[in-house]
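# Remarks on the overall topology
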Amino acid sequence: MDSERQGQHHLECQACRVIPKGPVQWYCKEHKIDLCDNCKSSHASKPCEVVTYKEKFQERLMENPVMSKEVKCPLSFLRDIGIAGKDQFWLLSSRSETIKLIDSNGKEIKSVKASAQPMRLAVSHDQKSVFFTVPSENLVMKMDAKSGKITRLFSTGDFEPIGIGSCRSGDLLVCLYNSKDIFGKVVKYSQSGQPIMEIERDGSKRSIYTKPHYVIENKNGGICVSDYSKREVILVAANGEFQFSYDGNKARKVVENFTPEGIATDSRGNYLVADHWNNTVHIIKENGAFVSYLLFGKIEGPTGITVDDEDKLWVCEFGTDDGTVKVISYLQ
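## Focus on the overall build of the chain
The helix and strand inventory of the chain stands at two helices and 27 strands. Compactness check: the chain gives a C-alpha radius of gyration of 20 Å against a globular reference of 20 Å for 332 residues, within 12% of the reference. If you line up the chain on its principal axes, its C-alpha atoms span 65 × 45 × 30 Å. Burial analysis of the chain (332 residues in total) assigns 56% to the buried set. Approximately 14,700 Å² of the chain is accessible, and the part contributed by carbon and sulfur atoms is 44%.

If you want it as structure tokens, here you go:
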């Protein structure tokens, strides 16, 4: 990967946060603050050690991420994935009504047919249930991982359910989209379909989402969403308060048409974001700081992603006819 594609960016320079002067590329180890180019120049006169933003995180990432496995799957145009246990995963495609359990050698272990095309899936934290959305019927469904029995959980009314995430509490996060009025929201539901919290607007009453696509809960209960129409990744706190939006590291002008799809989080608090158009995965920190790209151009049309208990990243490729899941090691 060339140095430009390893460049760093942060949403805000911590020395001139009132009026940002440019993209953050530097870090002061003495004061533990992020600096843009202009502030770095003025800061350099102080007895501080200023390093590139890349160096701030370098000790946490492998210098050369390893693609440890490529799994050829009995589905193509892969859309979403969820870990089912060691070396097993649930998989769905945009061209099939079946949800399949696959092992790391590509062998089909189980195949369950839904009533209509499923859009996204989420595996419960105890791995006993698989939840999925059916936009054509405005339904959220639950599948027993052992028996394969499917039950209807609840309807989402006039909204199409797209992305779905499983909370540690057992509640569900659902990305909802209203195609008539062209707006979206994220709702936390109990499994009985009772809305617990709706996330729609920020403190200034502005819409947070347009078309939310994938959603996960982080270790602090925060809710991270990729928005297809806004082309952003958006984090809100556990109480629904807006935290940050990530635009694909536009300031560095490395990627074009940032297209965020699947999102995941690892044990160190990093967010990983599949960028479908640019054939890569972005790594960003809990505060929205860009860290690096993974295997730029070596992943074909990534969509759903997940991280296993060993911090290995599993990536669905949408743009392959044979249905490939790539397993990537990236942490030291």
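What follows picks up the thread again.
## Notes on the sheet that holds strand β5 (residues 78–85)
Read from one edge of the open sheet, four strands run β5-β6-β7-β8, paired in antiparallel fashion. In the strand order of this sheet, the two ends are held by β5 and β8 (108–113), each with one partner. Direction aside, neighbouring strands of the sheet carry axes that sit 20° apart on average. As judged from the five bridges shared by strand β6 (residues 88–93) and strand β7 (residues 98–103), these two strands associate in the antiparallel manner. From the neighbouring strand, F89 faces β7, where its bridge partner is I102.

## Regarding the side chain of T303
Relative to the assigned elements, T303 resides in strand β25 (residues 302–307). In contact with T303, not counting residues within four places along its chain, are L78, R79, Y214, E261, G262, A274, H276, C316 and F318.

## Quick notes on the sheet that holds strand β18 (residues 223–227)
One open sheet holds the four strands; their spatial order is β17-β18-β19-β20, and the pairing between them is antiparallel. Both outer strands of the open sheet, β17 (212–217) and β20 (242–246), are each paired with one neighbouring strand and no more. Neighbouring strand axes in the sheet, compared pairwise and without regard to direction, differ in orientation by 20° on average. In terms of strand pairing, β18 meets strand β19 (residues 232–236) through five bridges, oriented antiparallel. Bridge pairing links V225 to I234 in β19.

## Here we look at the pattern of salt bridges
This structure, assessed with the given rule, holds eleven salt bridges. With a shortest N-O distance of 3.5 Å, K86 and E310 are connected by a salt bridge. In this pair, K86 sits in the loop between β5 and β6 while E310 sits in the loop between β25 and β26 (313–317), placing the two residues 224 residues apart along the sequence. When its relative accessible area of 63% is taken as the criterion, K86 is described as exposed. The closest approach of N and O atoms between E198 and K185, which form a salt bridge, is 3.1 Å. One end of the pair, E198, is in strand β16 (residues 195–199); the other, K185, is in strand β15 (residues 183–189), and 13 residues separate them in sequence. The exposure class assigned to K185 is buried, which follows from its relative accessible area of 10%. Within this structure, K86, E310 and K312 form a network of salt bridges that share partners.

## Notes on the confidence of the model for the chain
On average, residues of the chain carry a pLDDT of 89, and 91% of them reach 70 or more. Scored below 50 in pLDDT, residues 1–11 makes 39 contacts in the model with residues more than four places away or belonging to other chains.

## Side note on the packing of aromatic side chains
This model, assessed by the stated rule, comprises six aromatic pairs. Over the aromatic face of Y177 sits the side chain of K211, whose NZ or CZ is 4.8 Å from the ring centroid.

## Describing the pairing of β8
Bridging between β7 and β8 involves five bridges; their strand directions are antiparallel. Of the residues in β8, the one forming a bridge with I99 is V112.

Scoring rules and cut-offs
- Residues numbered from 1 in each chain as written.
- Predicted model: local features only at pLDDT ≥ 70, side-chain atom pairs only at ≥ 80, totals over all residues.
- Heavy atoms only, no water.
- Helix = DSSP H or I, 4+ residues; strand = E, 2+ residues; numbered from the N terminus.
- Rg over C-alpha atoms; globule rule 2.2 N^0.38 Å.
- Buried < 20%, exposed > 50% of the residue type's maximum accessible area, 1.4 Å probe, protein only.
- Areas by Shrake-Rupley, 256 points an atom, 1.4 Å probe, with all protein chains shown as cover.
- Pairing = 2+ DSSP bridges.
- Axes fitted to C-alpha atoms, helices over the stretch in contact; angles between N-to-C directions.
- Contact = heavy atoms within 4.5 Å.
- Salt bridge = Lys/Arg side-chain N within 4 Å of Asp/Glu carboxyl O.
- pLDDT = per-residue confidence, 0-100.
- Phe/Tyr/Trp six-rings, centres within 6.5 Å; stacked < 30°, edge-to-face > 60°.
- Lys NZ or Arg CZ within 6 Å of the ring centre and 35° of its normal.

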